[in-house]
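Observations on chain architecture
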Amino acid sequence: MDGGEESVELEGLISLLFQIFKDDIEGLIDIGNIVAVYENHIKNAHPTQGIFMNRPSSWSELLQAVSQLPIEDAFSQLLRCITSYVHCVLHQLINCAPHDWFEHLILAAIADLESSVDLLDTIAPFGQDFESELPALQPKLYNTVSSPEFKEAKKSVVDQSNRWFDLNGLKFDSDTYKLERVANQQPPSASGSQPSGNNELVGGQLRDYQLELAEPALLDRNSIVIAPTGSGKTLVAVHVTLQLLKAEPQAKVALLASTNQLVQQQYDKFRSALPSPWRDRVDLILGGKDNKNRKPFALSMKKNSIVVISTQILLNELDRKTVANISDFRLIIFDECHNCAKSHASMKVMMHYLRLKRDLEQENQSESCRETRLPQILGLTASPGTGKAKGPEDAKEHLVQLCANLDCPYPVTVQRYLQSLFKFNSDQDCQILSVPAKQSSEDVFIKFLNELMDLGEKLLYSNRSSLLNSEPEALQIASAPPRGTPTYTNYCSDVKYKIHQVADEEMGKDLFACSRYLDTFNQAYMIAQFYNPRGAWRYIKKELRAVDELAKSPVCEAESQLRQRLHSLIGPLERFCDTKEASSSPPLDKFVEILRNQFNSQADSRAIVFVQRKIYAQVITEFLNEQLPHLPAAYVTGATSSDASGGTNASEQQARIEGFRQGDYKVIACTSMAEEGLDIPDCNLVVRYCHVTNEIAMVQTKGRCRAKNSAYYVIVAETQEALRHKERENELRDAMMQQSVACVTDLTTEELVVKMLDYQEKALKDEEEKRANNSTPIGSDVIIDSDHEILCCKCKEKLSDSTRLRLICGIHRVVLDADMFTGGQRIVGQHGGEIKKVPGMDMIGVDLLCGYCSYGPVAKIARYKGQFFPLLDPECVCFRRLNDKKLEKQVRKWKHTKSFLRDVAELSSDDRDYWRRAVPRLPRQYRAAAVRGGAHR
């Protein structure tokens, strides 16, 4: 560049400044000083390039030279000057968080001129509150201006400046270098309270603190937005998405959420906040039965700019290569990103990202690699958590690991606009209420339960004693823990999953019956203590008094005795449950008191109560509708179980939440699936009922209080004193979490990136080791030398063989045994199962029970490409080796069968042809159940 061209570019810079400050002659003199300092910066940064600055000798000559230049021409010169000299400065000054490149230039010069600091008020339209950043700006300028990354930095400057134009209501034509103000948009006000370009979202402008949270993402940086619940983090994501799409109209954006309810909610928010035409380019991809007719994922990607989707569905598509690469997305937004850890689906999505990042770094010279780009990552969370931290340093490392998992070196919190944040957000004090639980000596129902559990434990110990005489190494279990506790539930599970150690099949049946009945009685014990005996009795009848099962003879002596004893107590139990005493409990009475006080003082209130299990949500909802009919209640739980087990599918979830939002329901009972993200503006009462977990759950549940003057209660029984201490511990851990956030945000980006790299390398290494381990059977001494019989885990009757298993979509295991499916002996159908869509298949709502003992469901009927298959449930069946008749360990999930089952083949076209001939339509005996479930067509 010769001196003449440099002079023109410098005059262009002065011309633009002149247009801004033309009414302030004293300001022009300061501008002259700024330009002189800027010249010195350029000379110092490029001492070997022979740059010659040809500035006019007097200011009068300068003013005469530039006063006739139109602003468009002056701007074109300024842009060339910026991209030629300060591109590296703009790219590298990563800790200043300015709004645009122009402020970098101005502030770099002002840093040398104490007398010019008062210009901050004058340049307020182009920025906010930068005075505090000036002392640190100059050394950063000199430390980073010599970066060799010219091309990357220049591109970054151009992208950032394009976004700056949008933010300030300007339009720039890169071909003609013409700058124009967009029609109907005014320049930003001198107050600087709302930067220009912040009136594009439908429904109003972003608040000051929301703009601050968006700053790193607007500069194309991977960032985690950490802000309280209800602060509008989704609007920050909408704003970032809009600016990106305006700069890159062909870009693809994915917003990921963990549940269908959150996916629907975020989709609605994006649609309502985005202006046209972008609101029409948002697509929704849900799982479950409500989305049977959803378009293929690839088509949705092609037709839309933004896809709001459940994290698991995107992971499935990535695993199946439906999406060619994670780089197909320009931006991925993780809602509730604190879940990105361990085996969560969001972590598995990020493993696709980290693998690509590693490959790009290792092969950065290849042509294909240069055409591939990592997506930008934006995380949203109110509670990063502390993990298992024992102190502040551990909590800090937990957040660093979260940043590493998301590859986000910019955790951002509100710092400049805390007053604005506090104005719109408030934290509710936690009121912990301890109430008596029903005492076993005073409660008739508990006495009945103790009588039944005495018999169950006696039979269990009797069989265990006999077993120890013949097989001293088998069934190593401890003594029974206190009844009516989660520990007792774990004890029953321990017995169930060790039955395979017992060689005597009849004794195994006895032990299974004992563990099953004792587990049911223990769950009923907890329901009676903390909810009411009436609900507990309903639970027992559902689990152990099913008509189909009672029609079958007991499969063993233990079941016979337990069934008879329960039958003998039906009369007294029914009579007691009809009494008023059986309808409530002290914790429920306290909950009713809270509700009455709340609704008496504010009739249009909304209340959410969080409980531990689905069955508890059912019980408390039934109680409220019976006792407080003027406050209609509903429950919202996960969709992984059937309606009979307390599950609610996606459409029911959405309908009930919408009914709650509209006031059709005044109270909803929820499990943890509704802790995160549920947005009900009128909700002003949240209660955690006899259930406390960690600090993340505490922050999330408190955050469901969205209305002013909200209240947050934790009700615990006196026998649950540990829960009281746990909630207080959560408050301390929340404070530690805030401290860790402050510490990590104080780290320089370079320091954080170095720490993140260690965690990322470890994650990639652990994944490789896990894949290697999963490629061979678990345990070096295990040799798969036998096929297996598939048995009912209760009666141990044979249902089919492992050779009949086939995989569908690489996930689902179906049994290609036409005699089992159609014969009517080995399995029988029952309505009331799940009706939903799972990847590649539809569940039609028919459960399949063991035909010999009516235990189950051992399988469910699924529809795949027009054909009906029995989809096996590993938790209700067991496997026996064909060669030596040895029973394998009972498993909860299919992945645990890798140690003893041969690999299962994918369903082939020949398999489908065979099944089409053997089962041309849904067998007659299942049609009535399918029709009752509303799923058969």
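Residues numbered from 1 in each chain as written. Predicted model: local features only at pLDDT ≥ 70, side-chain atom pairs only at ≥ 80, totals over all residues. Heavy atoms only, no water.

Looking at an unreviewed UniProt entry, one finds the protein named RNA helicase, with Macrostomum lignano as its source organism. Turning to the protein, the UniProt record has this under Catalytic activity (unreviewed entry): "ATP + H2O = ADP + phosphate + H(+)". UniProt lists a comment for the protein under the heading Sequence similarities (unreviewed entry), and it reads "Belongs to the helicase family. RLR subfamily." (UniProt positions renumbered as here; feature names shortened; annotations may be inferred.)

**Overview of the overall build of the protein**
Each helix and strand in the protein was counted, giving 34 helices and 24 strands. When the 937 residues of the protein are sorted by exposure, 57% land in the buried category. Nonlocal contacts in the protein, meaning residues at least 24 apart in sequence, comprise 73% of its contacts between residues at least 6 apart. (Helix = DSSP H or I, 4+ residues; strand = E, 2+ residues; numbered from the N terminus. Buried < 20%, exposed > 50% of the residue type's maximum accessible area, 1.4 Å probe, protein only. Contact = heavy atoms within 4.5 Å.)

**Some points on the sheet that holds strand β17 (residues 798-801)**
Sheet architecture is open: 3 strands sit in the order β17-β16-β24, paired in antiparallel fashion. Each edge of the open sheet carries a strand with a single partner, namely β17 and β24 (877-881). Between one strand axis and the next, the sheet turns through 30 degrees on average, direction left out of account. Pairing analysis gives 5 bridges linking strand β16 (residues 788-792) to β24, with the strands arranged antiparallel. Across the sheet, residue H788 finds its bridge partner in β24, namely R881. (Pairing = 2+ DSSP bridges. Axes fitted to C-alpha atoms, helices over the stretch in contact; angles between N-to-C directions.)

**A word on helix α10 (residues 208-218)**
With 11 of 11 residues buried, α10 is to be regarded as a mostly interior element. Those residues of α10 that sit buried are D208, Y209, Q210, L211, E212, L213, A214, E215, P216, A217 and L218. Among the residues trailing α10, D220 stands out with phi positive, at a value near 65 degrees.

**Some thoughts on the sheet that holds strand β8 (residues 376-381)**
Spatial strand order, β5-β6-β4-β7-β8-β3-β9: 7 strands in an open sheet with parallel pairing. The open sheet is flanked by β5 (282-285) and β9 (410-412), the only strands paired with a single partner. Averaged over neighbouring strand pairs, the angle between their axes works out to 15 degrees when direction is ignored. With 3 bridges connecting them, strand β3 (residues 223-226) and β9 associate as parallel partners. Along β9, the bridge assignment pairs V225 with V412.

**Things to note about the packing of helix α20 (residues 486-496) against helix α21 (residues 505-530)**
Contact geometry for α20 and α21: axes closest at 9 Å, N-to-C directions at 165 degrees. Looking at the two axes, α20 sits roughly antiparallel to α21. For the pair α20 and α21, the crossing hand works out as left-handed. The residues of α21 that touch α20, namely those facing P486, Y488, T489, C492, V495 and K496, are L511, F512, S515, L518, D519, N522, Q523 and M526. Across the contact of α20 with α21, the residue classes break down as 8 nonpolar, 4 polar and 2 charged. (Parallel < 35°, antiparallel > 145°, perpendicular 65-115°, else oblique. Left-handed = near helix turned anticlockwise from the far one by under 90°. Nonpolar A, V, L, I, M, F, W, Y, C, P; charged D, E, K, R; others polar.)

**Points about the environment of D443**
Within the secondary structure layout, D443 lies in the loop between β10 (430-435) and α19 (444-470). Between the C-alpha atom of D443 and that of Q529, which follows or precedes it by 86 residues, the distance is 9.0 Å.

**Concerning the pairing of strand β19 (residues 812-815)**
With burial as the criterion, each face of β19 is covered, one bearing H812 and V814 and the other bearing R813 and V815. For strand β18 (residues 805-808) and β19, the ladder comprises 4 bridges, and the chain directions are antiparallel. Along β19, the bridge assignment pairs L807 with R813. Where β18 hands over to β19, the hairpin turn is made up of 3 residues, of which C809 adopts a positive phi near 60 degrees.

**As for the nonpolar core**
By size, the foremost hydrophobic cluster in this structure holds 128 residues, and its most contacted members are F445, Y531 and Y689. With 14 residues, α21 is the largest single contributor of residues to this core. Sequence-distant contacts of Y531, that is, excluding residues within four places in its chain, are made with M526, S584, S585, L588, V611, Y616, V619, I620 and Y689. (Core = buried A, V, L, I, M, F, W, Y, C linked by side-chain atoms within 4.5 Å.)

**Looking at the packing of aromatic side chains**
Across all of its chains, the model carries 13 aromatic pairs by this definition. Between F591 and Y689, the aromatic rings sit 6.1 Å apart at their centres with planes inclined by 70 degrees, giving edge-to-face as the arrangement. With F591 in helix α26 (residues 586-601) and Y689 in strand β14 (residues 683-689), this pair connects stretches of sequence that are 98 residues apart. Summarising the burial analysis for this pair, F591 and Y689 share the class buried. On the numbers, 5.2 Å between centres and 25 degrees between planes, the contact of F821 with Y926 is stacked. Remark: Y926 occurs in helix α34 (residues 924-932) and F821 occurs in helix α32 (residues 818-823); sequence separation between them is 105 residues. In this pair, the class of F821 matches that of Y926, namely buried. What links up through ring pairs into an aromatic cluster is the set F821, Y864, F869, Y914, W915 and Y926. The positively charged end of R281 is found above the aromatic ring belonging to W278, 4.8 Å away from the centroid. Above the ring of Y616, the side-chain terminus of R613 is found at 5.7 Å from the ring centroid. (Phe/Tyr/Trp six-rings, centres within 6.5 Å; stacked < 30°, edge-to-face > 60°. Lys NZ or Arg CZ within 6 Å of the ring centre and 35° of its normal.)

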